[in-house]
Amino acid sequence: MADTQKKMILVTGGSGLVGHGIRLAAEAEPHEDEEFYFATSKDADLRDLEQTRALFAKVKPTHVIHLAARVGGLFANMNYKVEFLRENLLINDCVLQAAHEAGIDKVVSCLSTCIFPDKTTYPIDETMVHNGPPHRSNEGYALAKRLIDTANRCYNEQHGRHFTSVIPTNVFGPHDNYNLQNGHVLPALIHRAYNCKQSGEDFVIWGTGSPLRQFIYSKDLGKLFLWVLREYHESDPIILSVGEEDEVSIKQAAETVLSAIGFEGNVVQDTTKADGQFKKTASNAKLCALNPDFEFTPFEQAIQESVDWFVANYETARK
Ligand code: NDP
């Protein structure tokens with residue numbers, strides 16, 4: 001009898017950075033009535049509606065956490081704009097439509113703070129998603145993501161669904177993409193620090209090191225995703241981030257990484273390298289109001305755990 005009430009939660013993109021965070025959160029505090037299926041691109045190519053329908057028919061989910069996306073850093077976004085636009089449009093359309101056809105009431109999809117308008121006021125909040133064009137460098141990815149929010153409202157209003165989305169800031173943690181060219185800033189810093197420690201070369205901080213960023217540890221994001229799935233009932237997105245007061249500069253982030261890896265060589269700055277946007281501060285006021293007791297892992301501890309994971313898994317890590 002209990003089995004019939006069990007929630008079957010399909011996590012698309014389950015093999016990625018965020019998927020692993022959700023897996024850890026689910027394993028750390030299991031709920032008896034919840035079972036998870038972490039899907040990868042080997043289970044189904046979610047750009048294809050028939051394959052997506054077949055995955056839903058096989059897993060028979062009652063709930064969906066939708067993470068699968070074509071994801072990449074600035075270089076990849078700028079050079080593969082068509083793929084970032086089309087693949088993400090296709091994936092999102094197939095997943096939401098297959099979920100609707102399967103009668104699934106709740107889907108939590110994943111947006112990103114880089115989809116916000118390029119010209120904006122700070123702090124950014126959830127009401128600003130559609131307020132102006134995104135930065136040209138990632139407009140394909142950003143607009144495909146924004147349409148998830150539009151699709152959620154359409155399915156909810158026309159069919160009474162409860163599709164929603166979350167907006168995380170920069171995520172880091174085990175199973176990240178540590179590629180030096182395509183990876184995001186923290187995993188790339190960790191990989192470069194590792195290389196410098198091995199070779200004894202100077203560690204170079206690119207640019208002035210002064211730009212500010214909000215980072216969220218994948219384990220914390222995993223816990224928050226499960227909270228959203230269980231307890232957040234709005235259709236509008238919610239920003240999942242540490243507070244504005246916890247922004248760290250790129251220089252501070254680099255120093256934390258170097259200390260965690262035990263680098264004792266010279267640190268130099270290359271101010272001929274571009275800095276990028278100075279800040280992208282997002283407000284987590286909505287999250288704090290709805291989930292006031294949530295405690296984020298201290299940044300130093302989260303970096304130490306991520307560095308330890310990278311060192312221990314160097315041979316097999318994505319890099
Ligand atoms: P990863 O690159 O680590 O993982 C991407 C996942 O998507 C993998 O499981 C991959 O499967 C799957 N996938 C990609 N293409 C397809 C496809 N055509 N069919 C089926 N599955 C596919 O990404 P992250 O974990 O970093 O990102 C997860 C979500 O979080 C994304 O929606 C991203 O936009 C969002 N996000 C990420 C941030 C970050 O800093 N990383 C920040 C804000 C939002 P496989 O392993 O088999 O290739």
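Residues numbered from 1 in each chain as written. Predicted model: local features only at pLDDT ≥ 70, side-chain atom pairs only at ≥ 80, totals over all residues. Heavy atoms only, no water.

For the rest of this paragraph, the subject is the overall build of the chain. Within the chain one finds 10 helices and 12 strands. The globule rule puts the C-alpha radius of gyration for 319 residues at 20 Å, and the 20 Å found for the chain is close to it. Its C-alpha atoms put the chain at 60 × 40 × 40 Å along the principal axes. Burial statistics for the chain: of 319 residues in total, 50% are counted as buried. Within the chain, contacts between residues at least 6 apart in sequence are counted, and of these 82% link residues at least 24 apart. Total accessible area computed for the chain in this model is approximately 15300 Å², and 50% of it derives from carbon and sulfur atoms. The averaged location of the 43 negative side-chain charges in the chain is 6 Å from the averaged location of its 31 positive side-chain charges. (Helix = DSSP H or I, 4+ residues; strand = E, 2+ residues; numbered from the N terminus. Rg over C-alpha atoms; globule rule 2.2 N^0.38 Å. Buried < 20%, exposed > 50% of the residue type's maximum accessible area, 1.4 Å probe, protein only. Contact = heavy atoms within 4.5 Å. Areas by Shrake-Rupley, 256 points an atom, 1.4 Å probe, with all protein chains shown as cover. Lys, Arg positive; Asp, Glu negative; His and termini not counted. Charge placed at Lys NZ, Arg CZ, Asp CG, Glu CD.)

Tracing the backbone shows His-63 in strand S3 (residues 63-66). Using a relative accessible area of 16% as the deciding quantity, one classes His-63 as buried. Aside from chain neighbours lying at most four places away, what touches His-63 is Lys-7, Met-8, Ile-9, Leu-10, Ile-104, Lys-106 and Leu-229.

Along its sequence, the chain is organised into domain 1 (7-172 + 214-244) and domain 2 (185-212 + 246-280 + 298-312). In this structure, domain 1 and domain 2 have C-alpha centres spaced 28 Å apart. Across the boundary between the two partners, domain 1 contributes 10 residues, which contact 14 residues of domain 2. For the domain 1 and domain 2 pair, buried surface summed over both sides reaches about 1200 Å², with 62% attributable to carbon and sulfur atoms. It is Tyr-122, Phe-172 and Phe-215 that lose the most area in domain 1 upon contact with domain 2, and together they represent 47% of the buried surface on that side. In this assembly, domain 1 and domain 2 are joined by one salt bridge. Between Glu-305 and Lys-219 there is a salt bridge; the shortest N-O distance is 2.9 Å. Between domain 1 and domain 2 we count six residue pairs in polar contact (both at pLDDT 80 or more) in total. (Domains from an automatic or database assignment. Buried area = accessible area lost by both parts, 1.4 Å probe. Salt bridge = Lys/Arg side-chain N within 4 Å of Asp/Glu carboxyl O. Polar contact = N/O pair within 3.5 Å; in protein donor to acceptor, adjacent residues only side chain to side chain.)

Mapped onto this numbering, the UniProt entry annotates "domain: NAD-dependent epimerase/dehydratase" (unreviewed entry) at residues 9-242. Each end of residues 9-242 is marked by a C-alpha atom, and these two atoms are 26 Å apart; helix forms 43% of the span and strand 17%. (UniProt positions renumbered as here; feature names shortened; annotations may be inferred.)

Pairs of aromatic rings are described using the distance from one ring centre to the other and the angle between the two planes. Tallying each qualifying case throughout the model produces 15 aromatic pairs. Seen from their ring centres, Phe-172 and Phe-215 are 6.3 Å apart, and the 85° between their planes marks the pair as edge-to-face. Taken together, the residues span a long stretch of sequence, with Phe-172 in strand S6 (residues 170-172) and Phe-215 in strand S9 (residues 215-217) at a distance of 43 residues. Here the aromatic rings of Phe-215 and Phe-299 are separated by 5.9 Å at their centres, their planes lie at 20°, and the arrangement is stacked. Of the two residues, Phe-215 is situated in strand S9 and Phe-299 in helix H10 (residues 299-312); the sequence distance between them amounts to 84 residues. When its relative accessible area of 6% is taken as the criterion, Phe-215 is described as buried. These aromatic residues form a ring-pair network of at least three members: Tyr-178, Tyr-194, Trp-309, Phe-310 and Tyr-314. Sitting over the ring of Tyr-80, Arg-70 keeps its end group 5.6 Å from the ring centre. (Phe/Tyr/Trp six-rings, centres within 6.5 Å; stacked < 30°, edge-to-face > 60°. Lys NZ or Arg CZ within 6 Å of the ring centre and 35° of its normal.)

Turning our attention to the side chain of Arg-192. Along the chain, the position of Arg-192 falls in helix H6 (residues 185-199). There is no salt bridge for the buried Arg-192, and the closest opposite charge comes from Glu-201, which lies 8.6 Å off by N-O distance. Discounting residues that sit within four places of it in the chain, Arg-192 has contacts with Leu-180, Phe-203, Val-204 and Trp-206.

Turning our eyes to something else, we now look at unusual backbone geometry. For the bond running from Tyr-122 to Pro-123, omega is 0°, close enough to zero to count as cis. Here Pro-123 shows up in the loop between strand S4 (106-110) and helix H5 (139-159).

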